[in-house]
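# Fold and geometry: a report
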2 protein chains.
Amino acid sequence: TQQLLSGRAPRPKPFRVTNADRSVKKGIMASSLEDLMNKVSDSLSVPCVGSLVLDEDGTGVDTEDFFQTLPDNAVLMVLEEGHKWTLHPSSPSRDQL
Amino acid sequence: TQQLLSGRAPRPKPFRVTNADRSVKKGIMASSLEDLMNKVSDSLSVPCVGSLVLDEDGTGVDTEDFFQTLPDNAVLMVLEEGHKWTLHPSSPSRDQL
């Protein structure tokens, strides 16, 4: 029988988090934005997380309630202070190798 | 340090695991990330498994809880130390909606 936590915390969901140059991407489980920020810092070796944005369009994920609307396996980018999101190079206009 | 919750041995699930150059792919049953790592090492003759990543986008599967969210027949790539994931040449991502 599976034991559920007594309704306090949302169920942890899977996210995929990449660094600013997209050289590393990690699957991370998190139940809240703060939880994800903490885990990202360890998992991607980012000592000082500035912000989390959606990889697809750079939308900043700043609030817990917006975070909770993200689907399973949403792809996020972690930005350190002073770094900026840039469009993924393999989006539709890229030349084939 | 990871602890298994008592009495919660996950059912083994099927995975499809390929090597870094995608020349070999094997169907492997595993109930945990550690179990899969061990079986991959034998099955694909990789003496020193560095990491497992999702074949579709290179997401690193480092944690047991993220591993448990993967669907049956998820395609993974085993990477040895120093090897890197590269996008599958026939990936349809460019032409998706």
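Data block above holds the structure.
Computed from a predicted structure; not experimentally measured.

## Side note on the overall build of chain A
A tally of regular secondary structure across chain A gives two helices and four strands. Seen in sequence order, chain A has helices and strands lined up from the N terminus as β-β-α-β-α-β. Counting all 97 residues of chain A, 38% fall into the buried class. If you take every contact in chain A between residues at least 6 apart in sequence, the share linking residues at least 24 apart comes to 55%. Element-wise, carbon and sulfur atoms account for 50% of the exposed surface of chain A, whose accessible area totals about 6100 Å².

## Considering the pairing of strand 2 (residues 25-30) of chain A
Residues and elements named next belong to chain A. Most of strand 2 is tucked away: six of the six residues are buried. Side-chain alternation along strand 2 places K25, G27 and M29 on one buried face and K26, I28 and A30 on a second face that is also buried. In this sheet, strand 2 lies alongside strand 1 (residues 13-18) in antiparallel orientation, the contact comprising six bridges. Its bridge partner being in strand 2, F15 is matched across the sheet by I28. Adjacent in sequence and paired antiparallel, strand 1 and strand 2 are bridged by six residues, among which R22 carries a positive phi angle near 60°.

## Describing the sheet that holds strand 2 of chain A
Residue and element names in this part refer to chain A. Taken in spatial order, the four strands of this open sheet run 2-1-4-3, and their pairing is mixed. The open sheet has two edge strands, strand 2 and strand 3 (49-54), and neither has a second partner. Strand-to-strand twist in this sheet, taken as the mean axis angle between neighbours without regard to direction, amounts to 35°. The sheet contact formed by strand 3 and strand 4 (residues 74-80) spans five bridges and is antiparallel.

## Brief notes about unusual backbone geometry
All names here are of chain B. In the Ramachandran plot, S45 falls in the positive-phi region, its phi being about 55° despite a non-glycine side chain. By the secondary structure assignment, S45 is in the loop between helix 1 (33-43) and strand 3 (49-54). Assessed through its relative accessible area of 60%, S45 is described here as exposed. Residues other than glycine seldom take positive phi values, yet N73 does so here, at roughly 65°.

## What to know about the nonpolar core
F15, V17, L36, V40 and L70 of chain B are the most contacted members of the largest nonpolar core, which totals 20 residues. Where this core is concerned, the elements lending two or more residues are strand 1 (13-18), strand 2 (25-30), helix 1, strand 3, helix 2 (64-67) and strand 4 (74-80) of chain B. Excluding anything up to four places from it in sequence, L36 of chain B contacts F15, V17, I28, A30, L52, F67 and L76 of chain B. Listed in part, the 18 residues of the second largest apolar core include I28, L52, L70 and A74 of chain A.

## Re the environment of A74 of chain B
Residues and elements named next belong to chain B. Among the structural elements, A74 can be located in strand 4. Taking the C-alpha atoms as reference points, A74 and D55, separated by 19 residues in sequence, lie 8.6 Å from one another. Ignoring sequence-local partners within four residues, the contact set of A74 consists of P14, F15 and R16.

What counts and what doesn't
- Residues numbered from 1 in each chain as written.
- Chains lettered and ligands numbered in written order.
- Predicted model: local features only at pLDDT ≥ 70, side-chain atom pairs only at ≥ 80, totals over all residues.
- Heavy atoms only, no water.
- Helix = DSSP H or I, 4+ residues; strand = E, 2+ residues; numbered from the N terminus.
- Buried < 20%, exposed > 50% of the residue type's maximum accessible area, 1.4 Å probe, protein only.
- Contact = heavy atoms within 4.5 Å.
- Areas by Shrake-Rupley, 256 points an atom, 1.4 Å probe, with all protein chains shown as cover.
- Pairing = 2+ DSSP bridges.
- Axes fitted to C-alpha atoms, helices over the stretch in contact; angles between N-to-C directions.
- Core = buried A, V, L, I, M, F, W, Y, C linked by side-chain atoms within 4.5 Å.

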